[in-house]
Amino acid sequence: MEGKKFKILAIDGGGIKGLYSASILKKFEETFNCKTGDHFDMLCGTSTGGLIALALSLKISASDICDFYTDNGEKIFPKHKETWLPYFGKVNHGLVKQVAKGGKYTDEGLKEALKEIFGDKLVEDCNNLFCIPSYSITEAKPKVFKRDHSDLSRDNKAPIIDVALATSAAPTYFPMAESEFYDNEQFVDGGVWANNPTLVGLLEALKYFVGNGKPYDSIEILSLSSLSITGGKKTGLKRKRSFIDWKADLFETSMNGQSYFSDFFMSQIHEIYDVHINYLRIPSVSISTDQEDLIQLDVANKQAFDLMKIKASEQALIFEKKDKIKELFTTKKSYII
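Computed from a predicted model, the values in this text were never measured in an experiment.

**Overview of helix α11 (residues 302–319)**
(1) Moving on: Here α11 contains 18 residues, and its C-alpha end-to-end distance of 26 Å stays within 8% of the 26 Å for a straight helix at 1.5 Å per residue.
(2) Moving on: Restricting attention to buried positions, one finds in α11 the residues A304, F305, L307, M308, K311, A312, Q315, A316 and F319. Buried residues of α11 fall within an arc of 165° about the axis and therefore sit on the same side. Among the exposed residues of α11, those pointing more than 90 degrees away from its buried face are K302, Q303 and I310.
(3) Moving on: On its buried side, α11 packs onto α1 (18–32), α3 (62–76), β10 (276–282) and α12 (323–330).
(4) Moving on: Where α11 begins, the capping side chain belongs to N301, and its oxygen is found 3.2 Å from the backbone nitrogen of Q303.

Structure representation (structure tokens):
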């Protein structure tokens, strides 16, 4: 059908910082009196963004998703004690576990929280197409969980909790996810290769839905960043670094780099591809040096929650005035499950 637009929402990973992304969507839902899932044909999300995408696809409001983070954040990422050791100084027990004892956290708190929000729902219960990146350790290749469509019949009977755990099993933070539904295949966080899942959604749309001989002729993409440390580092840092020196920066640097590349790619592809692609990215806001300690993958406390909400409100107020945001959140999705 001429002029038919395929609408994609893509949400970055970022641990507890998913509260920032969900809070922006909450503000849009309040402004436009809607539920996000009713307005996008496909939802793409990685790690914490995957949890948000799955919830939206079940018609869970962004407000309830925000409550999921604030109510469960400290259960998912419990605070660790610190010990003073000779020669090492103050040592965080979580860092010791992350380096040498099987991961910084168990996934029991995460599983319990996911059970509360998803229950026993299956992929087939979702109301949107979706792409949720993970990485299969068993198969040594990327894995994208999808709501079955066209000739695809693979994931619809999978428990949503299995998909959520597979996309969010951040290496050294959580244990690998293992799914009985997938014959005990083991997975880690999709952020290792697709922290910004925009390209995953774009390729899926072009392969199955948009272009010559397909039902849609253009693509609308809203890409939603997590909060990230955007100020960079000073020069003269220690060059020879162990895992302990890198700490959280090791995983976060990889995630941020991949997200930036995807954004750069999207800023160029719409100019050279013959299918019309309208792309809008809501980036991270600036984080001051004094705020960096609160804006981490696993810092879950009231101070961090309040700061994320403030930053989200600031960004939402800017973007809700844009015509493209109004159009996206006031026109319904056209792909019917």
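Here the narrative resumes.
**Some points on the environment of L9**
(1) Moving on: Here L9 is to be found in strand β1 (residues 5–11).
(2) Moving on: Sequence separation between L9 and T198 is 189 residues, and the spatial gap between their C-alpha atoms is 8.0 Å.
(3) Moving on: Ignoring sequence-local partners within four residues, the contact set of L9 consists of L25, T36, F40, M42, L43, C44, L56 and L222.

**A closer look at the UniProt feature "short sequence motif: GXGXXG" (unreviewed entry) in the protein chain**
(1) Moving on: With numbering aligned to this structure, UniProt lists the feature "short sequence motif: GXGXXG" (unreviewed entry) at residues 13–18.
(2) Moving on: Strand forms 0% of residues 13–18 and helix 17%; the C-alpha atoms that close the span are 7 Å apart.

**Considering the side chain of K143**
(1) Moving on: Tracing the backbone shows K143 in strand β6 (residues 141–146).
(2) Moving on: Here K143 sits buried without a salt bridge, and the closest side chain of opposite charge, D155, lies 4.3 Å off (N-O distance).
(3) Moving on: With residues near it in sequence (within four places) discarded, K143 still touches I132, P133, S134, Y135, S136, R154, D155, Y182, F187 and W193.

**What about helix α6 (residues 160–168)?**
(1) Moving on: With 9 of its 9 residues buried, α6 lies for the most part within the structure.
(2) Moving on: Taken together, the buried positions of α6 are I160, I161, D162, V163, A164, L165, A166, T167 and S168.

Basis of the calculations
- Residues numbered from 1 in each chain as written.
- Predicted model: local features only at pLDDT ≥ 70, side-chain atom pairs only at ≥ 80, totals over all residues.
- Heavy atoms only, no water.
- Helix = DSSP H or I, 4+ residues; strand = E, 2+ residues; numbered from the N terminus.
- Expected span 1.5 Å × (residues − 1).
- Buried < 20%, exposed > 50% of the residue type's maximum accessible area, 1.4 Å probe, protein only.
- Arc of directions from axis to C-beta.
- Contact = heavy atoms within 4.5 Å.
- Polar contact = N/O pair within 3.5 Å; in protein donor to acceptor, adjacent residues only side chain to side chain.
- UniProt positions renumbered as here; feature names shortened; annotations may be inferred.
- Lys, Arg positive; Asp, Glu negative; His and termini not counted.
- Salt bridge = Lys/Arg side-chain N within 4 Å of Asp/Glu carboxyl O.

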